[in-house]
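# Residue-level structural notes
Okay, here's what each chain looks like letter by letter:
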Amino acid sequence: MKVVLLGPPLSRQGSGIGWIKHNIAAALKSSGHEVWSIVAISTTVNSLMASTIISKEARDDNDILELDEVVISLENAAKDWKEIKTLINPDIVICLGEPENIWFVIEEEKDPKVKLVYYYLSEAKTMNRYIPIRGQNGVYQEEALDVKVLFAELDLVIPATPVTTIAITKDMKLETKNIADYLTPPVHTWAVSAEKAIEYRRSVSIEPTCKIYYCIAMNTPRKRLDQVMIYFTFHLLKKPCDKLVIHANPHGAADLVSISQRLGITRNLRINTRNSKAAIEGVMSAGDEFISLPAAEGYGLPLWESLMLNKKVIHSAVGYPYEGLADLRGKHVTLLEAETPYFYSIGNQAWYSVSRNPKILKSGISKKGEYDLEDIINTPQMFRSKFIDLLNSKGFFGA
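Taken as a whole and judged by the stated rule, the model has one disulfide. The partner cysteine of Cys210 in its disulfide is Cys241, sulfur to sulfur 1.7 Å. Note on the Cys210 and Cys241 pair: the S-S dihedral is about -85°, so by sign convention the disulfide is left-handed. On the criterion of sequence distance, the pair formed by Cys210 in the loop between helix 6 (194-203) and strand 10 (212-216) and Cys241 in the loop between helix 7 (225-236) and strand 11 (243-247) is long-range, its members being 31 residues apart. Of the two residues, Cys210 and Cys241, both sit in the buried class.

Right under this line is the structure:
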C-alpha cells in the first residue's frame, strides 16, 4: 500500500507530534508499505521541495528511519496537494496535527478510492469546534467548517486519549461508526542512572543538596514557560542554589532570560536549547521534579515519561494530563487550577496574580486512583503494533 503521512516535519529534536509521526512511519515501513511524509509550512518557495531524510529522534539514537519527505507551501497547499496525489497515487492518507493545518485535505472533494485516517491528539476541553477555511490562495475565508462535518467524512478517527473519545462522541454527538478505540501515544523510557545524575550536576555545577526542577517543552505561547518561571520563583525556590532547567527550542530563549532578570532568578535558571539524548537523560537523572504549566495540552509526553521514572510532577489542570493524573494511583502529583488560559505575558496582572497564588486542586500521592500508569502507557513497539492492528481490523490493508 502507498501511504501518505500529513503533519509536522519529522524532527530530530524530539517534539511530541514529530515523535508520534516517526513511530507511525516506522510501523508502516516495517509492515512493508511505501510511506511518504508531507509537510505544509509557510515558505516563499513556490515549488515542491522533496528530499530523502533520516529521522533520528532525540529519544532513541538507535531508532533511525529513512523516509521521503515533501515540503509544500501552506499558502499554495491546495494546488501542491493535488500534484502530490497525482504523483504518488496514495491508497491511504493519515493526518496528524490540528485540523486547520490540513485545510487543503478538508476542502477538497473526497476521493472514494483513498482512505482518510486522522490520529487526533488534541486537548478536548479547549478544542475549537470550528476550523477557519483557507481558499486556493491560502487566505482565510469568513466561513468556517464545523469539526463534526470533518470527522463525519473521514474513514477513521483514532482518538489519542479517552478524554478525546468522549469529546468527539458525546460532546459533539458524533456517530461512532468511524471512531476507533483510543490509542495513547508512544512513551519512551529514558535510560537514567545515579551515575548520570552525578555527572550532570558536576557538569553544570549544581550541588547535591540543591533541588532541580525541569521543564521540557517547545517555547510557544501555549506552553507558558514564563508561568513556569513565575511559579518556580514564588513557590519552589527555597535555597539560593536551587535550579530551574528548561529544555526548549532556541526561538525565544532571549525572552526567557529577560523574564528571569525581572524575576531575579538569573542565577537559578538554566536554558538548554540542544535537546540531545545525553542532555535529556542527564537532567531527567538528576531532576527532582518535572513542571509544566501549559494553557492547553493534548497528551504531554515529557510528563508521562517523567512519571515512568517515578518523578514528582507539577502540571496545570488542563486536557488529558488533568483527566489522567486525577485518577492515577501511586504517583506524586500537584495539579494547579488554570482559570485564565491563554494569557501569555508576564505583564498581564490578571494572570500574574493567579500564577503567584494558584489554586491547588491536588497535591501528594494518590492512593485511591482508578488505574495504574501501566494501564495507559504504550511503549513505542506496543504503539506501532497496535496502530497496524487497528488499520488491519478496519480492512485498510485488504483481506
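Quick look at the nonpolar core now. Nonpolar side chains in soluble globular proteins tend to be buried together. Counting 65 residues, the largest nonpolar core has Ile24, Ile94, Ile158 and Trp304 as the members making the most contacts within it. If you tally residues by element for this core, the top one is helix 1 (residues 16-30), at seven residues. Ranked by size, the runner-up nonpolar core spans 29 residues in total, among them Ala77, Ala78, Cys95 and Tyr120.

Turning next to the layout of surface pockets. Here the second largest pocket is characterised by a volume of approximately 310 Å³. Taken together, 14 residues make up the lining of the second largest pocket; nearest its centre are Asn219, Gly252, Asp255, Leu256 and Ile259. If you list the elements that add at least two residues to the lining of the second largest pocket, you get helix 7 and helix 8 (253-263). Examining the composition of the lining of the second largest pocket, we find that five residues originate from one element, helix 8, more than from any other.

Inspection of the secondary structure assignment puts Glu108 in the loop between helix 3 (103-107) and strand 6 (115-120). The residues touching Glu108, leaving out its near neighbours within four places in the chain, are Trp81 and Lys85.

It is worth spelling out the packing of helix 10 (residues 301-308) against helix 11 (residues 319-326) at this point. Interaxial distance between helix 10 and helix 11 falls to 10 Å at its minimum, and their mutual angle equals 25°. It follows that helix 10 is roughly parallel to helix 11 by the angle criterion. Contacts between helix 10 and helix 11 involve Leu303, Trp304 and Leu307 on the former and, on the latter, Tyr320, Pro321, Gly324 and Leu325.

Let's shift gears to the side chain of Thr165. Structurally, Thr165 is set in helix 5 (residues 162-171). Judged by relative accessible area, which is 19%, Thr165 ranks as buried. With residues near it in sequence (within four places) discarded, Thr165 still touches Pro159, Lys170 and Tyr182.

What follows is about the pattern of salt bridges. Going through the model one piece at a time under the given rule, you end up with eight salt bridges. The partner of Glu281 in a salt bridge is Lys196, and the shortest N-O contact between them spans 2.8 Å. With Glu281 in helix 9 (residues 277-286) and Lys196 in helix 6, the pair connects residues that are 85 residues apart, well separated along the chain. Judged by relative accessible area, which is 4%, Glu281 ranks as buried. Salt-bridge contacts for Arg329 lead to Asp372; the nearest nitrogen and oxygen are separated by 2.9 Å. Taken as a pair, Arg329 in the loop between helix 11 and strand 15 (332-336) and Asp372 in the loop between strand 16 (360-365) and helix 13 (380-393) lie far apart in primary sequence, 43 residues in all. Look at the salt bridges and you will find they share partners, linking Lys196, Lys277 and Glu281 into a network.

Okay, the packing of aromatic side chains next. What the rule picks out here adds up to nine aromatic pairs. Judged by centre distance (5.9 Å) and plane angle (80°), the rings of Tyr119 and Phe383 are edge-to-face. Remark: Phe383 occurs in helix 13 and Tyr119 occurs in strand 6; sequence separation between them is 264 residues. Take Tyr119: its relative accessible area is 0%, and that puts it in the buried class. Three or more aromatic residues joined by ring pairs form one cluster here, namely Tyr119, Phe383 and Phe387.

Moving on, we come to the environment of Arg356. Following the sequence through the fold, Arg356 ends up in helix 12 (residues 349-356). The exposure class assigned to Arg356 is partly exposed, which follows from its relative accessible area of 36%. A C-alpha to C-alpha distance of 6.3 Å links Arg356 and Tyr231, two positions 125 residues apart in sequence. Discounting chain neighbours no more than four positions away, the residues touching Arg356 are Ile230, Phe234 and His235.

Let's shift gears to the pairing of strand 11. Strand 11 sits mainly inside the fold: five of its five residues count as buried. Across the two faces of strand 11 the burial is the same, with Lys243, Val245 and His247 and Leu244 and Ile246 all buried. Judged from the five bridges that link them, strand 10 and strand 11 form a sheet pairing that is parallel. Opposite Tyr213, over in strand 11, you have Leu244 as the bridge partner. In this view, the connection linking strand 10 to its parallel neighbour strand 11 by way of helix 7 has right-handed handedness. Inspection of the sheet shows strand 11 paired to strand 12 (residues 269-272) by four bridges, in the parallel sense. Bridge pairing in strand 12 links Val245 to Arg270. Regarding the hand of the β-α-β motif, the stretch spanning strand 11, helix 8 and strand 12 is right-handed.

Calculation rules
Residues numbered from 1 in each chain as written. Predicted model: local features only at pLDDT ≥ 70, side-chain atom pairs only at ≥ 80, totals over all residues. Heavy atoms only, no water. Disulfide = S-S within 2.5 Å. Helix = DSSP H or I, 4+ residues; strand = E, 2+ residues; numbered from the N terminus. Buried < 20%, exposed > 50% of the residue type's maximum accessible area, 1.4 Å probe, protein only. Core = buried A, V, L, I, M, F, W, Y, C linked by side-chain atoms within 4.5 Å. 1 Å grid on protein atoms, 1.4 Å probe; cavity = no way out; pocket = protein on both sides within 12 Å on 5 of 7 lines; lining within 4 Å. Points joined across faces, edges and corners; volume = space filled by probe spheres on them. Contact = heavy atoms within 4.5 Å. Axes fitted to C-alpha atoms, helices over the stretch in contact; angles between N-to-C directions. Parallel < 35°, antiparallel > 145°, perpendicular 65-115°, else oblique. Salt bridge = Lys/Arg side-chain N within 4 Å of Asp/Glu carboxyl O. Phe/Tyr/Trp six-rings, centres within 6.5 Å; stacked < 30°, edge-to-face > 60°. Pairing = 2+ DSSP bridges. Right-handed = clockwise from strand over helix to strand, strands pointing away.

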